[in-house]
Amino acid sequence: MHTQLDIASALAPIPGTSSPAPGMGANTETLLFSPFTHEPRHHIRTALERAARPDYPAWLHHVESAAACTQPIRLHGNLLTVNAHTGEIIANQHTTALPDGVIYKACGNRRHTVCPACATTYQHDAYHLVRAGLVGGKTIPDTVRTHPAVFATLTAPSFGPVHTRNVSNCTCRDKNRCTCRATPCHARREAPTCPHETPLVCWQRHSPGDEQLGRPLCPDCYDHTHHVVWNHHAGELWRRTKQHAERHLNQLARQRGLPKVRLSHGKAAEYQARGAVHFHILLRLDGINPDQPDVIMPPPDGITTDDISAAVTLAATTIAFTTAPHPEQSDGWRIAWGKQHEIRPITLSASGDALDDQAVAAYLAKYSTKGTEATGHTSRRLTSDTIDLYANPTGTHPERLIDAAWKLGQTPEWRGLRRWAHMLGFGGHFLTKARRYSITFGSIRQERTAYKRAQALKRHPPGIEGHHQTSRFHRQQLLDSKTEETTLIIGFLTYSGTGWHSTGDQLLANTAAAQARERTRAGREDLTHDSWEQSPSTPLAA
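The rules behind the values
- Residues numbered from 1 in each chain as written.
- Predicted model: local features only at pLDDT ≥ 70, side-chain atom pairs only at ≥ 80, totals over all residues.
- Heavy atoms only, no water.
- Helix = DSSP H or I, 4+ residues; strand = E, 2+ residues; numbered from the N terminus.
- Buried < 20%, exposed > 50% of the residue type's maximum accessible area, 1.4 Å probe, protein only.
- Axes fitted to C-alpha atoms, helices over the stretch in contact; angles between N-to-C directions.
- Parallel < 35°, antiparallel > 145°, perpendicular 65-115°, else oblique.
- Left-handed = near helix turned anticlockwise from the far one by under 90°.
- Contact = heavy atoms within 4.5 Å.
- pLDDT = per-residue confidence, 0-100.
- Core = buried A, V, L, I, M, F, W, Y, C linked by side-chain atoms within 4.5 Å.
- Salt bridge = Lys/Arg side-chain N within 4 Å of Asp/Glu carboxyl O.
- Disulfide = S-S within 2.5 Å.
- Patch = residues over 30% accessible without salt bridge, like charges linked within 9 Å, V, L, I, M, F, W, Y side chains within 5 Å.
- Areas by Shrake-Rupley, 256 points an atom, 1.4 Å probe, with all protein chains shown as cover.
- Phe/Tyr/Trp six-rings, centres within 6.5 Å; stacked < 30°, edge-to-face > 60°.
- Lys NZ or Arg CZ within 6 Å of the ring centre and 35° of its normal.
- Expected span 1.5 Å × (residues − 1).
- Bend = angle between axes of the 7 residues up to and from the residue.
- Pairing = 2+ DSSP bridges.
- Polar contact = N/O pair within 3.5 Å; in protein donor to acceptor, adjacent residues only side chain to side chain.

Enquirer: Help me out: how do you make sense of unusual backbone geometry in this one?
Expert: Among all residues save glycine, negative phi is the norm, and among peptide bonds the norm is trans. The backbone of Thr139 sits at a positive phi, close to 80 degrees, despite the residue not being glycine. Along the chain, Thr139 turns up in the loop between helix H4 (116-135) and strand S4 (149-154). Given a relative accessible area of 39%, Thr139 falls into the partly exposed group. Phi angles above zero are rare outside glycine, and Glu197 is one such case at about 65 degrees.

Listed below in structure tokens is the structure:
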């Protein structure tokens, strides 16, 4: 077996690195047969076959940009290099000349349950986006550090009693790994029953990962219809709440003789175990320059975080509206926040009850990559052919919610509930922000593209004059009007498929990406160590 394995390429799995041993490299002979037919494991056999090909280094470099992705998108077509000023086609290349005849593109999915690698990239981008709005940088002025800011959590109302885990005084930093002793779920001196003769009592002390958490004590009494309707209108409820809080703060500013202010926010949505959406919201107070309304200005002195907390509390407890009528509910449904809400100030160094900027940014970024998995349900968009697999009016709690959303969506005016039935009615984005709060995801991706292009140019200098230079962060409107490029790569590409050609390809690509990440991490640690040794406060070694 060892003799046959020596036939495979011994090149390092990371493009651009040297071979692990002198005199070893890719096999230059064409394999007329597979020497690995003895290997019973398909993913190992196909990986060895790929690594033994003479074009293995080129293939590995070709898939580098999507190597860590679970389900990359395969595209095929023409790539034209065009002079941006004259329109002349300088080069024309078809993807058939590339390894596998396609271009691999990372799926970019934000959900950890779908693609952990792409979700991690999204989470890192979200962290920098949120934190830039608190401490500045990346075109955001550093003066935002001085703006009053609060972190609020707003929840849905009750649609029926559910199994819960109650801890009076939790001392654990990580609530998901809480080891504190919980109180009984629904303790009652008497044992009342619902109209369906189901006891509305539970003496169990639920653990954090208990499957019963979030499940109704009586599924037949639970208002699944109101639940999905509330999820569907949660975004509009938040819009009205923020508008009311901002108006209250401006009334307060007028009473104190201060100029107008506005609230800029970053918001992450999270599913509770019962399937209801609740929002984690960062609110920053800004001033307004009438001559330059898009500029982020420091707010006037005289409005504090206590004033912001009071305004948000007032809005959350008073704002409510009624939906349009539905054949199932002629008077519509009342949409309002639940009684449980929490508002805490944010500081650059947490003390007392305050939160620090890094914790808030990490918190919002973490929840931006989650979905309905907390409820026990995961699926893509449902159709008439697949709805029966997930909806059941007498089934589990998530199945009843999906069934309620699908049935309510039969009415044309409520068709959106069918579109978002797989999300239990919620159709909003999981991470949103005010336009002036911070930078955009597009600018972060543009910066990453510019960095990768600069690294590629260092390894392979361009042969065409006038290759554009990399640029730092820009706002979205500037990105749309950039004109410094003299050559453009225009792709006429169509969808070819999703995923890797074989499990062996996935194994090699993911392994290469993992080793590349490890090299990057080690390099960062070395740079940090070198900067620490050369710090003026640290004596240099003799």
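Enquirer: Is there a simple way to explain the packing of helix H5 (residues 224-255) against helix H6 (residues 305-318) in this structure?
Expert: A pair of packed helices can be characterised by two numbers: the angle between their axes and the separation between those axes. Between H5 and H6, the shortest axis-to-axis distance is 8 Å and the interhelical angle comes to 135 degrees. Compared by their axis directions, H5 and H6 come out oblique. Along this stretch, H5 crosses H6, giving a crossing that reads as right-handed. Residues Thr241, His244, Ala245, His248, Leu249 and Leu252 of H5 lie in contact with H6, whose contacting residues are Asp307, Ile308, Ala311, Val312, Leu314, Ala315, Ala316 and Thr318.

Enquirer: I'm lost on the confidence of the model for the chain in this one. Help?
Expert: Predicted coordinates in regions of low pLDDT should not be interpreted in detail. Here the chain averages 82 in pLDDT, and 82% of its residues register 70 or above. Here residues 1-32 scores under 50 on pLDDT; set against residues more than four positions off or in separate chains, the count is 54 contacts. Taken together, the stretch residues 463-483 has pLDDT below 50 and engages in 38 contacts with residues farther than four places along the chain or on a different chain.

Enquirer: Even after reading the chapter, I still don't get the nonpolar core, so can you show me in this structure?
Expert: Looking at soluble globular proteins, one finds that nonpolar side chains tend to be buried together. Trp230, Leu249, Phe279 and Trp337 are the most contacted members of the largest nonpolar core, which has 55 residues in total. Examining the composition of this core, we find that nine residues originate from one element, H5, more than from any other. When near neighbours in sequence (up to four residues on either side) are disregarded, Trp230 contacts Thr155, Ala156, Pro157, Phe159, Leu237, Val277, Ile335, Ala336 and Trp337. Ranked by size, the runner-up nonpolar core spans 27 residues in total, among them Tyr122, Val135, Leu282 and Ala365.

Enquirer: Just to check I follow, could you spell out the pattern of salt bridges for this structure?
Expert: Any two side chains of opposite charge can pair if their charged atoms end up close together. According to the stated counting rule, one finds 13 salt bridges in the structure shown. Here Arg50 ties to Asp100 by a salt bridge, and the two come within 3.1 Å at their closest N and O atoms. In this pair, Arg50 sits in helix H2 (residues 42-51) while Asp100 sits in the loop between strand S2 (89-94) and strand S3 (103-105), placing the two residues 50 residues apart along the sequence. For Arg50, a relative accessible area of 4% puts it in the buried group. Accessibility expressed as a relative area gives 28% for Asp100, which makes it partly exposed. Residues Asp403 and Lys407 are paired through a salt bridge, measuring 3.3 Å at the closest nitrogen-oxygen approach. Residue Asp403 and its partner Lys407 are both found in helix H9 (residues 397-408); the two are separated by four residues, about one turn of the helix. Residue Asp403 is classed as buried on the basis of its relative accessible area of 12%.

Enquirer: Just to check I follow, could you spell out the state of the cysteines for this structure?
Expert: Simply put, disulfide is the name for a covalent bond between the sulfur atoms of two cysteines. Under the counting rule described, the total for this entry stands at zero disulfides. Left without a disulfide partner, Cys221 is nearest to the cysteine sulfur of Cys218, which lies 3.5 Å away.

Enquirer: Any chance you could explain the side chain of Ser379 here in plain terms?
Expert: Mapping Ser379 onto the fold places it in the loop between helix H7 (357-367) and helix H8 (387-390). Under the relative-accessibility criterion, Ser379 is labelled buried at 11%. Once residues within four sequence positions are removed from consideration, Ser379 is found in contact with Arg111, Tyr390 and His422.

Enquirer: Would you explain a nonpolar patch on the surface in this entry?
Expert: Residues Leu488, Ile490 and Phe492 make up a contiguous nonpolar surface patch of about 250 Å² in total accessible area. Tracing the backbone through its elements, the reader meets Ile490 in strand S12 (residues 487-498).

Enquirer: Explain the packing of aromatic side chains here, please?
Expert: Aromatic ring pairs are described here by two measures, namely the spacing of the ring centres and the angle between the planes. Enumeration over the complete set of coordinates arrives at 13 aromatic pairs. Arranged with centres 5.1 Å apart and planes meeting at 25 degrees, the rings of Tyr104 and Trp500 form a pair that is stacked. You can see Tyr104 sitting in strand S3 and its partner Trp500 sitting in the loop between S12 and helix H13 (503-533), a full 396 residues away along the chain. You'll find Tyr104 and Trp500 in the same group, each marked buried. Among the aromatic residues, those joined into a cluster by ring pairs are Trp230, Tyr271, Phe279, Trp337, Phe426 and Phe430. The aromatic ring of Phe430 is capped on one face by Arg110, whose charged end is 4.0 Å from the ring centroid. Between Lys267 and the ring centre of Phe279, over which it is positioned, the NZ or CZ distance is 4.4 Å.

Enquirer: What am I meant to see in H5 here?
Expert: Since the α-helix turns once every 3.6 residues, residues separated by three or four places project in the same direction. In this model, H5 (32 residues) spans 45 Å end to end at C-alpha, consistent with the 46 Å of a helix rising 1.5 Å per residue. In the structure, H5 departs most strongly from a straight axis at His233, where the bend amounts to approximately 50 degrees. Following H5 by one or two positions, Gly257 has its phi on the positive side, about 70 degrees.

Enquirer: Please clarify how the pairing of strand S6 (residues 277-287) should be interpreted in this entry.
Expert: For a regular strand, side-chain orientation follows a simple rule: the groups alternate between the two sheet faces. With eleven of eleven residues buried, S6 is to be regarded as a mostly interior element. Residues Val277, Phe279, Ile281, Leu283, Leu285 and Gly287 of S6 are buried on one face, and the alternating residues His278, His280, Leu282, Arg284 and Asp286, pointing to the opposite face, are buried as well. Where S4 meets S6, six bridges bridge the pair, whose relative direction is antiparallel. For Val150, the partnering residue across the bridge sits in S6 and is Leu283.

Enquirer: I keep staring at the side chain of Asn231 and nothing clicks. Help me out?
Expert: As for its position among the elements, Asn231 is in helix H5. There is a polar contact of 3.1 Å between the side chain of Asn231 and the backbone oxygen of Gly275. Not counting residues within four places of it along the chain, the set of residues in contact with Asn231 comprises Tyr271, Gly275, Ala276, Val277, Leu424, Gly425 and Phe426.

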